[in-house]
Amino acid sequence: MKTRDRLRIAVQKSGRLADASQQLLAQCGFRFRQSRDKLFCFGETHAVDLLLVRDDDIPGLIAEGTCDLGFVGRNVLAEQRLAQVAEAGSSALCEVRALGFGGCRLAIAVPQEEPWVGPEQLQGRKIATSYPALLANYLRENRVQADIVVLSGSVEIAPKLGKAEVICDLVSSGATLAANQLKETAVILKSEAVLAAADLDFVDERAPVLDLLLRRLDGVMAVRE
Ligand code: PRT
Ligand code: ZN
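Please read all numbers here as calculations on a predicted model, not as lab measurements.

A. Spotlight on the sheet that holds strand 10 (residues 166-171). Here we have five strands laid out as an open sheet, ordered 9-8-10-7-11, and mixed in their pairing. Strands with a single pairing partner mark the edges of an open sheet, and in this sheet they are strand 9 (147-150) and strand 11 (182-191). Averaged over all neighbouring strand pairs, the angle between strand axes comes to 30°, with direction disregarded. Pairing between strand 8 (residues 126-129) and strand 10: three bridges, direction parallel. Among the inter-strand pairings, Thr129 is bridged to a residue of strand 10, identified as Cys168. Against the sheet, helix 3 (residues 74-88) touches strand 7 (104-111), strand 10 and strand 11, its axis set at about 75° to strand 11.

B. Representation of the packing of helix 3 against helix 4 (residues 132-141) within the structure. Running from amino to carboxyl end, helix 3 crosses helix 4 at an angle of 75°, the nearest separation of the two axes being 7 Å. When the axes of helix 3 and helix 4 are compared, the pair comes out roughly perpendicular. Along the contact surface, helix 3 presents Ala78, Glu79, Leu82, Ala83 and Ala86, while helix 4 presents Ala133, Leu134 and Asn137. Each residue belonging to the contact of helix 3 with helix 4 can be placed in one class, and the counts come to six nonpolar, one polar and one charged.

Basis of the calculations
Residues numbered from 1 in each chain as written. Chains lettered and ligands numbered in written order. Predicted model: local features only at pLDDT ≥ 70, side-chain atom pairs only at ≥ 80, totals over all residues. Pairing = 2+ DSSP bridges. Helix = DSSP H or I, 4+ residues; strand = E, 2+ residues; numbered from the N terminus. Axes fitted to C-alpha atoms, helices over the stretch in contact; angles between N-to-C directions. Contact = placed C-beta atoms within 7 Å. Parallel < 35°, antiparallel > 145°, perpendicular 65-115°, else oblique. Nonpolar A, V, L, I, M, F, W, Y, C, P; charged D, E, K, R; others polar.

Spelled out as C-alpha cells, the structure:
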C-alpha cells in the first residue's frame, strides 16, 4: 500500500460543483494556496491538498490511488463504479458522505405528447444517454430491452436530430427538457455531490487528517440541515 503524509482530494476545476466544493472545504476551516497553473491547491492550514480536474476524471484518480478522496456527483461516481464492475468484476469506489449540494436527478424523458405508462414502453426503443451503465441497470431491473445510444453531451437534442426517441439525462429545474418538448418520467437516480473514496484504511499521517475532515464535514452538514 502506498504511503503519503498529506491527504489529496480531487475537486472539479470549473463547473457546477467547483465553487460549492471549495466553499465547503473553507467552512470546514481548510485554507489553500493555488498553484500558478491553477491545477493544484496546497493546504496551508492542514496536510490536505487539492487537485483541480474535470469531474469525469475524479473516480479514476481515486481508483488508481492518485487521489484519496473526491467531491463528485453521485451520477458520475455510480456510472464509473458500474463500468469498473462490468470490466474488472469489482470496484473499490464508494460514497463516504452525501454533501447536500449539486442536487439533480437522472431521469427518462419522453416526447411531451407521449403518455407515460411505465418502463415497459421503452421496449425496443432507442434511448440516448451519457450514462449507459446506469441506464442498462435500470432497463435490466425492469426486464426491458432497448437500444442505448451513447452521447457525451447535448443529449436533450438527440430526438430532434433523429438519433433517439427517448433520452436519459440529468434534470434539475426541468427547463431544458421543456425547451426540447420532452417530459420527465421515471427517475433512475437521485443525485447530489458526494465525497467519494476507495480505500480509507490509512496507516500513515493521512489517517488523523481524514478523521478531522470527516468530523468537520459532519459538523458543517449538521448546521446546514
Ligand atoms: O468540465 P467538467 O467535465 O468538469 O464538467 P461537466 O460539464 O461534465 O459537469 P457540470 O459542471 O455541468 O456538472 C457537474 C455535476 O453537477 C453533474 O455531474 C451533476 O452531478 C451536477 N448537476 C446538478 C448537474 C445539473 N444539476 C444539471 N442540471 N449536471 C448537469 N445538469 C445539466 C443537464 O445535463 C441538462 O443539460 O443541466 C441541464 C438540465 O438542467 P435543467 O435545470 O434545465 O433541468
Ligand atoms: Zn464532466
